[in-house]
Each structure stands twice: as structure tokens, then as C-alpha cells.
Amino acid sequence: MSQYPSSFDKDDLLKCARGELFGPGNAQLPEPPMLMMDRITEISADGGSNGKGHVVAEFDIVPDLWFFKCHFPGNPIMPGCLGLDGLWQLTGFNLGWRGMQGLGMALGVGEVKLTGMVTPARKMLTYYVDFTRVIDRKLKLGVADGRVEADGEEIYSVKGMKVGLSATGA
């Protein structure tokens, strides 16, 4: 069981970005504007459909988000890669939450499906990460499936996301 709580607000996520939550040299989230969530509502090491851990997080969509201004002028949408990055961010966060040491890095994804868009008219994204495998030896690795819902509609799904932790971050 983790020594950390099972939910986190924006201030907690910003502490993680500054390296204050899990300690220096360990899993960090990016700072805004690359931080792709506003809160984590659930996290576990043994929940989810596979019993290997999960994360649920939310991101409030407001019309003045930075990516709407440039992607695309006259037709603003959130780049799909940012939704994928949010899923990777949460996968790495879960590893740090479990107490695993090292800096996080995205290592790949097996399959990505984008079936909808995030426009300024959307109100909230909900991220779901469901671990399929966790390795906690010299190699620290999380493998998970995930999905993103916009206002309750599934718009992205991924299979086989991989995030590792490294003592050097490289």
C-alpha cells in the first residue's frame, strides 16, 4: 500500500512537477502548460480491471487553453498527442506513487485509436489508466491500457502503453 493519498488536487500535482511529492530524482509531472490534468480522483496499485493498479484523472477544458490558439487557427482542436501524453503522465505518476524510484520516461505504445476530438466546446476530459503489468526490479516499468473520455464520450483509446523509471532519466 502506498504512503500517499488516493486522490490529488492541482496543488499536489504542481508539487509533483517541482519534484516535491516523490522527492528529487523521482517521478515528476510536467509543469503547465504541458501538465495535462487538473486532479487525480482515484489511484491504486491493485485496482482496475486487471487488479494491477489504475488511475483516473480529470482535465478541465476551457476555450483559452494554449493549444486551441495554434492548432488550428479557425478550427481549434486539442492535438491527440497531448491526450496520449496525459495518459503517459498518469502511468508514470502511478509508478512514483507506488514508491518506485527514478525519473519517468515514455517508452512506447502498442496501439492508439482517436475516434473523437477535443474542441473548445468540450467541458472535461477524464483519463483512465488500467495497468496490465508492473515490473519493480532493477528495471522499473509500467504497462497499461488507457482511454480518454470527453464529456462522457470515449474519444481516445490506447493499448500497451509503456513507461519506465530510470536513475538518470535517460
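The shown structure was predicted, so the numbers you read here are calculated from the model rather than taken from an experiment.

Caption draft 1: Molecular detail of the overall build of the protein. In terms of regular secondary structure, the protein is built from three helices and seven strands. Starting at the N terminus and walking to the C terminus, you meet the elements of the protein as α-β-β-α-α-β-β-β-β-β. Computed over its C-alpha atoms, the radius of gyration of the protein comes to 15 Å, within 12% of the 15 Å expected for a compact globule of 170 residues. In terms of its C-alpha atoms, the protein occupies a principal-axis envelope of roughly 50 × 30 × 30 Å. Looking at the protein as a whole, 47% of its 170 residues are labelled buried.

Caption draft 2: How the structure looks around the pattern of salt bridges. Under the defined criterion, the tally for this structure stands at nine salt bridges. Asp38 is the partner of Lys10 in a salt bridge, and the nearest nitrogen-oxygen pair spans 2.8 Å. With a gap of 28 residues between them, Lys10 in helix H1 (residues 10-17) and Asp38 in the loop between H1 and strand E1 (39-44) connect regions that are remote in the sequence. Overall, Asp38 belongs to the buried group, its relative accessible area being 12%. The shortest N-O distance in the salt bridge between Glu154 and Arg147 comes to 3.9 Å. Residue Glu154 is classed as partly exposed on the basis of its relative accessible area of 39%. What makes Arg147 partly exposed here is its relative accessible area of 30%. It is possible to trace a salt-bridge network through shared partners that takes in Arg39, Glu58 and Asp60.

Caption draft 3: Layout of the side chain of Asn94. In this fold, Asn94 is placed in helix H3 (residues 80-97). Excluding residues within four positions of it along the chain, Asn94 makes contact with Ile43, Ser44, His54, Val55 and Phe131.

Caption draft 4: Representation of the side chain of Ser44 in the model. As for its placement among the helices and strands, Ser44 is situated in strand E1. Within polar-contact distance, the side chain of Ser44 engages the backbone nitrogen of Gly47 at 2.8 Å. Once residues within four sequence positions are removed from consideration, Ser44 is found in contact with Gly53, His54, Asn94, Trp97 and Arg98.

Caption draft 5: Broad picture of a nonpolar patch on the surface. On the surface, Val109, Val112 and Leu114 cluster together to form a nonpolar patch covering roughly 220 Å² of accessible area. As for its position among the elements, Val112 is in strand E4 (residues 111-114).

Caption draft 6: Spatial organisation of the state of the cysteines. In this structure the tally under the stated criterion is zero disulfides. Left without a disulfide partner, Cys81 is nearest to the cysteine sulfur of Cys70, which lies 10 Å away.

Caption draft 7: Structural detail: the nonpolar core. Core analysis: the largest hydrophobic core is formed by 44 residues, its most contacted members being Phe8, Ile40, Met78, Phe93, Leu125 and Tyr127. Of all the elements in the fold, those that place two or more residues in this core are H1, E1, strand E2 (54-60), helix H2 (66-70), H3, strand E5 (124-136), strand E6 (140-150) and strand E7 (153-166).

Caption draft 8: Seen up close, unusual backbone geometry. Residue Pro33 follows Pro32 across a cis peptide bond; omega there is 10°. Here Pro33 is to be found in the loop between H1 and E1. Cis rather than trans, the peptide bond between His71 and Phe72 has omega equal to 0°. Within the secondary structure, Phe72 sits in the loop between H2 and H3. A positive phi is found at Asp151, a non-glycine position, where the angle reads about 50°. Its location among the elements puts Asp151 in the loop between E6 and E7. With a relative accessible area of 42%, Asp151 lands in the partly exposed category.

Rules used throughout
Residues numbered from 1 in each chain as written. Predicted model: local features only at pLDDT ≥ 70, side-chain atom pairs only at ≥ 80, totals over all residues. Heavy atoms only, no water. Helix = DSSP H or I, 4+ residues; strand = E, 2+ residues; numbered from the N terminus. Rg over C-alpha atoms; globule rule 2.2 N^0.38 Å. Buried < 20%, exposed > 50% of the residue type's maximum accessible area, 1.4 Å probe, protein only. Salt bridge = Lys/Arg side-chain N within 4 Å of Asp/Glu carboxyl O. Contact = heavy atoms within 4.5 Å. Polar contact = N/O pair within 3.5 Å; in protein donor to acceptor, adjacent residues only side chain to side chain. Patch = residues over 30% accessible without salt bridge, like charges linked within 9 Å, V, L, I, M, F, W, Y side chains within 5 Å. Areas by Shrake-Rupley, 256 points an atom, 1.4 Å probe, with all protein chains shown as cover. Disulfide = S-S within 2.5 Å. Core = buried A, V, L, I, M, F, W, Y, C linked by side-chain atoms within 4.5 Å.

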